[in-house]
Amino acid sequence: MSVFNHRAVAAAATAVLLLAPGGGAAVAAARPRYLDPTAAPQARAADLVRRMTLDEKVGQLVQIEVGHVLRECPNGIDDGCARPIVGTYGVGSILSGAGSAPFGSGQANTPRHWAEQINALVHASINDTRLHIPIMYGADVVHGHGNVLGDTLFPHNLGLGASYDPALVRDLQRAAAADAVATNVRWAFAPDVDLAVDTIWGRYYESFGEDPTLVATLGAASVRGLESNPLLASSVKHFIGSGRSGPGLDRADADVSWRALADRLIPAYRAAIAAGADTVMAYDGTVDSVPVTGSRYLLTDVLRGQLRFSGVVISDYGAVRGLLNNFHMAADYEHAAAIAINAGIDMTMEPDDAAAFTGAVKAAVAHRLIPMTRIDQAVARILTLKFANGIFDRPYVDAAQADRTLGAHAELARRAAAESTVVLRNAGSLLPLAGDARLTVTGPGADSVRDTLGGWSIGWQGVPADSAVRAVTVRAGLANADPHVRYAPGQDEAVAAAGDTDAYVAVVGDPPGAEGPNDSRDPTLPADQQALVRALLATGKPVVLVVLDDRPLALGSLVDPTTGAVGPQAVVMAWRPGTEGGNGVADVLFGAVNPSARLPVSWPLRGADHRSGYLDLTLPTTSGTPGGTYQPLFPFGAGLSYTDYTIGPVAAAATPGGVTVTVPVANTGTRAGDLVVPVYVSQPVSAVAVPRKRLVGFTRTTLAAGESRRVSIAVPWSRLAVVTGDVDGDRHAGVEPGAYVFASGPLTAEPPPVGGPGTVRR
Ligand code: BGC
């Protein structure tokens, strides 16, 4: 049956579970331990593993793409058509990759239909396998349940990074988790906690920012939000090295030292694991020329040994086969699978070929390339995850309720969009705009749903042309707030409207994309868009430049090369703000919301400065420029408000657990506002070269007009640790003895004064 009856499924499942493998209610006492919902997940998994054949175990190690099943089930999923894949191989998991849904083209993309079809797959797995082991369904819930038409999409992570608001991130992910579970998606491949350090990178916007402390804090909040749903697992990704490739390109070699891995990249994983991440996705790329999917050192010694991760490690899409096809690390699939599984991959995302993978693993076991103990360990981890997340005890959802998610969370999405919108320049207090201002809105992003939502939205590279997906564009958001908004799609039309225009809003940026196809060789505002903005400026009317993009773009001719002056009177970064994006941006432009967002990355002055991170560029050089080679257009942490604040000077006090930094803050302006208070540390003397300033903590505080207060930020000693020792050292991370000087306020090149109240000695 293609439209699945939930109640029938639930009844059948209950019967199957109670009867399997040897009795009904009457023999409940003899019920196998794995079917006892009161037993611990590990105990249930151990009991089940003991009952499994090699074929059944190997099946659990594979996750296939739903398209693989749909080839057998073009008219909708039922037990009969799913049997050749789900039943024969007993696959452990099924995913919807980017842009994929659990039904064929032409069938309605609704939450209800998702739930019915996933219920049907689960039913097939329970019904068609000897031990009735349900599959666990996964999807990329990276900014909401992105493949489902009508579900609310939130700003992508980089926008959320600008909010510096872990509570907001947690709440969004809790909402996204509810939407996912309503469709019976029980595994979210999120969050991405890689660092955004190179604007070339096609996945730059999937990161929360360039700074380890910021990414660790928001990544952990994201995990907490997803994992707060007892029926959902998160997957922190992509461990490790993603985004650090030498040329900046997706999945090119991350030629990084252990020090860079340990000091910069690992902290976010440590924090996400401590926050309860159930699964970790391995990076489908190389670190120091070693494919991570095949690195026992990284996946086992570091991830399990050092970071104490005890959950499931999943490979990235096709990455185990990639050891064969892409990296030529093995001569055949059997050896590739052995390398990956021995290295520490528990579940393999093998989208297309369950038969080839299971065959390869069984051959590897027969040839003693993989010990049975390792197979059992991986299967036990996967089954423990399933037991812990209710996959056995609550395998189905009520599909009739799933459509309730449609349009839910709109208010939260609007708040998130406003909290992520960064005002970077506001000459002559052009913003906030008057509620009745005669605005002319123009630019390629102004009315583009695609540009508003970004990648991973119904389609992998962004909203497909024929999609009915909706979002509030900037044009629509401004028009909702102000009846005098005129939309002029073309440059000539916009310029001709100058006489009736108080100000222009030019919405610019590149179209969205994802992963490698979205790598940008020249992350600069396209020349025709620079020309559009110059033409608007030439009318003499003020211009608000709103950038909708995956990354901060160099502004080219809009910045005077000698003076550094920026042409548009106002510059606003709106990232990929999501379903309610236009309303959130309008809230900031008209002042319904006082902007509080701060850049989570550095904004490069030139396209050539794409490697823009402040941590790298404030290390000493011979370039002669003060503050190293860090010469951004807008520095990390930049962002304006419609009120005025004073921050500092700080006082720091050592405690057994770390340092308490007290920051006096005041709102000296006339409007209430939320202030992001960063804490940077400097080391006047250090045995290894450390960045001049490192973010080690932050908080947000609400201040009424005229209000002042002291905020305290606890910085654990571990945040100050770096890998000490020489290049051939023992890789030990520790807090070097000496002075640590704490400061708050905007990131500047000047070192803070040593010896004052902000100094702590260790
Ligand atoms: C991406 C992952 C994603 C997976 C499944 C891969 O191409 O690298 O981030 O979770 O596809 O869609």
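Residues numbered from 1 in each chain as written. Predicted model: local features only at pLDDT ≥ 70, side-chain atom pairs only at ≥ 80, totals over all residues. Heavy atoms only, no water.

Digging into the environment of D165
And then number 1: Within the secondary structure layout, D165 lies in the loop between helix 7 (157-163) and helix 8 (166-182).
And then number 2: Looking at D165, the relative accessible area reads 10%, which means it is buried.
And then number 3: In sequence terms D165 and G59 are 106 residues apart; their C-alpha atoms lie 41 Å from each other.
And then number 4: Once you skip the residues sitting within four places of it in the chain, D165 turns out to touch L218, R415, E419 and R700. (Helix = DSSP H or I, 4+ residues; strand = E, 2+ residues; numbered from the N terminus. Buried < 20%, exposed > 50% of the residue type's maximum accessible area, 1.4 Å probe, protein only. Contact = heavy atoms within 4.5 Å.)

Considering the UniProt feature "domain: Fibronectin type III-like" (unreviewed entry) in the protein
And then number 1: In this structure's numbering, the residues bearing the UniProt feature "domain: Fibronectin type III-like" (unreviewed entry) are residues 675-748.
And then number 2: The span residues 675-748 is 5% helix and 49% strand, and its two end C-alpha atoms sit 18 Å from each other. (UniProt positions renumbered as here; feature names shortened; annotations may be inferred.)

Brief notes about the site of the ligand
And then number 1: Taken together, 14 residues surround the ligand, and among them D140, R203, H238, R251 and D316 come closest.
And then number 2: Within the side chain of E515, one N or O atom sits 3.1 Å away from an oxygen atom of the ligand.
And then number 3: About the coverage of the ligand: the protein hides 95% of its 310 Å² of free accessible area. (Near = heavy atom within 4 Å. Polar contact = N/O pair within 3.5 Å; in protein donor to acceptor, adjacent residues only side chain to side chain. Areas by Shrake-Rupley, 256 points an atom, 1.4 Å probe, with all protein chains shown as cover.)

A look at unusual backbone geometry
And then number 1: In the segment running from A190 into P191, the intervening peptide bond is cis, with an omega of 5°.
And then number 2: Its place among the elements puts P191 in the loop between strand 4 (187-188) and helix 9 (212-227).
And then number 3: In the segment running from F239 into I240, the intervening peptide bond is cis, with an omega of 0°.
And then number 4: Note that I240 resides in the loop between strand 5 (233-239) and helix 10 (258-274).
And then number 5: Phi at H132 takes a positive value of approximately 60°, unusual for a residue other than glycine.
And then number 6: Take H132: its relative accessible area is 17%, and that puts it in the buried class.

A look at the confidence of the model for the protein
And then number 1: Confidence along the protein averages 94 in pLDDT terms, with 96% of residues attaining 70 or more.
And then number 2: Taken element by element, the predicted model of the protein shows its lowest mean pLDDT in helix 1 (residues 6-19) (39) and its highest in strand 9 (residues 312-314) (99).
And then number 3: Here residues 1-27 is modelled with pLDDT under 50, and outside its nearest four sequence neighbours on either side it reaches 41 contacts, counting other chains as well. (pLDDT = per-residue confidence, 0-100.)

With respect to the state of the cysteines
In a disulfide, the sulfur atoms of two cysteines are held together by a covalent bond.
And then number 1: Per the stated rule, a full pass over the model turns up 1 disulfide.
And then number 2: Between the sulfur atoms of C73 and its disulfide mate C81 the distance is 2.1 Å. On the S-S bond that ties C73 to C81, the torsion sits near 110°, and the link is right-handed.
And then number 3: Classification of C73 by relative accessible area gives buried; the value is 2%.
And then number 4: Under the relative-accessibility criterion, C81 is labelled buried at 15%. (Disulfide = S-S within 2.5 Å.)

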